[in-house]
There are 2 protein chains.
Amino acid sequence: MNKGFLLVVSGPSGVGKGTILHDLMNMQKNLVYSVSCTTRKKREGEIEGISYFITTYSEFEKKLDNKEFLEYAKVHNNYYGTPKDFVEQKINEGKIVILEIDVQGAMNVKKNSKDGVYIFVAPPSLDELQRRIKGRGTETEADIDIRMHNAVGELSYIQEYDYLIINDHINSAINDINEIINAEKHKVNRIDYNFN
Amino acid sequence: MNKGFLLVVSGPSGVGKGTILHDLMNMQKNLVYSVSCTTRKKREGEIEGISYFITTYSEFEKKLDNKEFLEYAKVHNNYYGTPKDFVEQKINEGKIVILEIDVQGAMNVKKNSKDGVYIFVAPPSLDELQRRIKGRGTETEADIDIRMHNAVGELSYIQEYDYLIINDHINSAINDINEIINAEKHKVNRIDYNFN
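A brief look at the structure comes next. In this text the structure is predicted, and so the values were computed from the model without any measurement.

**Side note on the nonpolar core**
Piece 1. Counting 106 residues, the largest nonpolar core has Leu 6, Leu 7 and Ile 119 of chain A together with Leu 6, Leu 7 and Ile 119 of chain B as its most contacted members.
Piece 2. If near-sequence neighbours (up to four positions away) are discounted, Leu 6 of chain B is found in contact with Leu 70, Val 87, Ile 91, Val 97, Leu 99, Val 109, Ser 113, Gly 116 and Val 117 of chain B.

**Topic: the pairing of strand β1 (residues 5–10) of chain B**
Residues and elements named next belong to chain B.
Piece 1. Of all six residues in β1, six are buried; the element is thus mostly enclosed.
Piece 2. Burial along β1 is two-sided: the residues Phe 5, Leu 7 and Val 9 and Leu 6, Val 8 and Ser 10 are all buried.
Piece 3. Pairing of β1 with strand β7 (residues 96–100), which is carried by five bridges, proceeds in the parallel orientation. Among the inter-strand pairings, Val 9 is bridged to a residue of β7, identified as Glu 100.

**Quick notes on helix α1 (residues 17–27) of chain A**
Residue and element names in this part refer to chain A.
Piece 1. Of all the residues in α1, the buried ones are Lys 17, Ile 20, Leu 21 and Leu 24. Burial along α1 is one-sided: seen end-on, the buried residues are contained in an arc of 95 degrees.
Piece 2. Here the buried face of α1 lies against β1 (5–10), β2 (31–33), β7 (96–100), β8 (117–122) and α7 (170–184).

**Quick word on the interface of chain B and chain A**
Piece 1. In this complex, chain B contributes 27 residues to the contact, which on the side of chain A involves 27 residues.
Piece 2. If you look at where chain B meets chain A, you find zero salt bridges.
Piece 3. If you look at where chain B meets chain A, you find twelve residue pairs in polar contact (both at pLDDT 80 or more).
Piece 4. At the level of secondary structure, the elements contributing two or more residues to the side of chain B that touches chain A comprise β9 (163–166) and α7 (170–184) of chain B.
Piece 5. Per-element tally for the side of chain B that touches chain A: the top contributor is α7 of chain B, with five residues.

**With respect to the relation of the copies chain B and chain A**
Piece 1. Between the two copies, chain B and chain A, the superposition gives an RMSD of 0.0 Å; the rotation angle is 180 degrees and the shift along the axis is 0.0 Å. Such values leave the two copies arranged in the relation of a two-fold axis. Judged by C-alpha distance, Glu 179 of chain B is the residue of chain B that lies nearest the rotation axis, at 2.6 Å.
Piece 2. Both copies contact each other with a shared surface, as 100% of the interface residues of chain B are interface residues in chain A too.

**Side note on the pairing of strand β5 (residues 69–75) of chain B**
Residue and element names in this part refer to chain B.
Piece 1. As judged from the six bridges shared by β5 and strand β6 (residues 78–83), these two strands associate in the antiparallel manner. Paired with Tyr 72 across the bridge in β6 is Gly 81.
Piece 2. As consecutive antiparallel partners, β5 and β6 are separated by two residues, and within that stretch His 76 has a phi angle of approximately 50 degrees, a positive value.

**A short note on the pattern of salt bridges**
Residues and elements named next belong to chain A.
Piece 1. Applying the stated criterion across every chain yields a total of 20 salt bridges over all chains.
Piece 2. Residue Glu 68 pairs with Lys 63 through a salt bridge whose shortest N-O separation is 3.8 Å.
Piece 3. The partly exposed category is assigned to Lys 63, whose relative accessible area is 27%.
Piece 4. For the salt bridge of Glu 139 with Arg 147, the shortest nitrogen-to-oxygen distance reads 2.6 Å.
Piece 5. Residue Glu 139 is classed as buried on the basis of its relative accessible area of 17%.
Piece 6. Ionic contacts of the salt-bridge type, sharing partners, join the residues Asp 115, Glu 184, Lys 187 and Arg 190 into one network.

Conventions used here
- Residues numbered from 1 in each chain as written.
- Chains lettered and ligands numbered in written order.
- Predicted model: local features only at pLDDT ≥ 70, side-chain atom pairs only at ≥ 80, totals over all residues.
- Heavy atoms only, no water.
- Core = buried A, V, L, I, M, F, W, Y, C linked by side-chain atoms within 4.5 Å.
- Buried < 20%, exposed > 50% of the residue type's maximum accessible area, 1.4 Å probe, protein only.
- Contact = heavy atoms within 4.5 Å.
- Helix = DSSP H or I, 4+ residues; strand = E, 2+ residues; numbered from the N terminus.
- Pairing = 2+ DSSP bridges.
- Arc of directions from axis to C-beta.
- Salt bridge = Lys/Arg side-chain N within 4 Å of Asp/Glu carboxyl O.
- Polar contact = N/O pair within 3.5 Å; in protein donor to acceptor, adjacent residues only side chain to side chain.
- Least-squares fit on C-alpha atoms with pLDDT ≥ 70 in both.

Here is the structure:
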C-alpha cells in the first residue's frame, strides 16, 4: 500500500487556511485532521479521540519525557501536543494527516519528523490581510494591530516551507493545494511499486 | 517573476514518455523542450536552435572542457549534450524545460544541476511493457529482448528520482505529471513574493 504523509499548513491568522482546509477535506479522499493531545477539560460536544485526546498533567509530562510529541505548547496553563503515534499510524494507513499550526509549532515538527510536506499560505499583501481581518468585524483595533504584527513575524518563515500559496482567490488556492497533495502522493518513497 | 525549472523525465523505452510529454505541451503554458547541442550533420527539416544546436567537434570539446553541458554522450561517433546556458536562460524566463533522457544521462544532470525535478515513468509491470513494445510491431525478437533487459536496468534507478508515475492509463499519467508541474511551480524558492 502507498504511504500517506503529514501535511503541515501555516500562515497568518485571517489568511483563509481554515476555509481552504475545510473545502479540501471534501475534495480529497484519505485526508484526516491531526488530533491533538491536551490537558484541558473536555467541552460540550467534543468527542475523545476525534476532537482531542484528553489526558492528565502527569500523563502528558510522561509522554513529553518519552518524546511522544511532534511538537507541543503550553497555552493558558494547559498543554497541547501533536502525538507522534497517531500521525505515524495514519500515514502507514495511507492517510494524509493535516496539521494546521503556527510557524513555531511547524518548526518544531520539522525537527522531529523526517518526511512532512510544509505549505505556507500567504496573503497577496499585508494591506489585503488587514482588510480581511477588519472585514470579519470581530476584532478590536488593538487585536488587529497584534495580528498584523504577528503576521509579519510569521511571513519571515516562508523560506522554511516547501510550498508557498498566495491566497488571492480562494478557489485557486484550494486547487493549488489539491494539486500539491496529488503530486506529493507520487513521491517515489511513498509508492509501493513492484514491476514483477 | 517566478522562476521555472528543469523537468527531467526518464523511463524504459516503450513506456509512453513521448506521448505523455507531447500532450503535456498542449496543456501547460511555459513548457519548452530542452535543445541539444550535437556534432552530427543537420537533417532535412531540422532547424538550428530549435531542433538542435549544431556545432563542430572542436567547438563541442571546448564546451566540454568549459563544463558547459549538464550531461553529454557520444553516440555513433557524434556528440550530443544538454547546454547549461540554454536551460538556465529558459528557467530564468519562467519556463519549464523538459529533458527526456535515459537514467545515465539523468544521473549526470543531477550531478551538475541543483534544482531539477526528476520524474520516472514506469510500466504497471514488465509483462505489460513487453506487450506494448510487441504491439508496435516494429521490433524483432532480439530487439525486444534488449529493450526488456535495459528496462530492468532503468527501473533499478527509480529511487534516484523525485516522483514515480506508473503509466497504467495514459490520461491519468498525463494528469499526474500536469499536477506535479503545477505543484512544483509553488515551491518557495521559485516564487517571487513580496508582501509589502
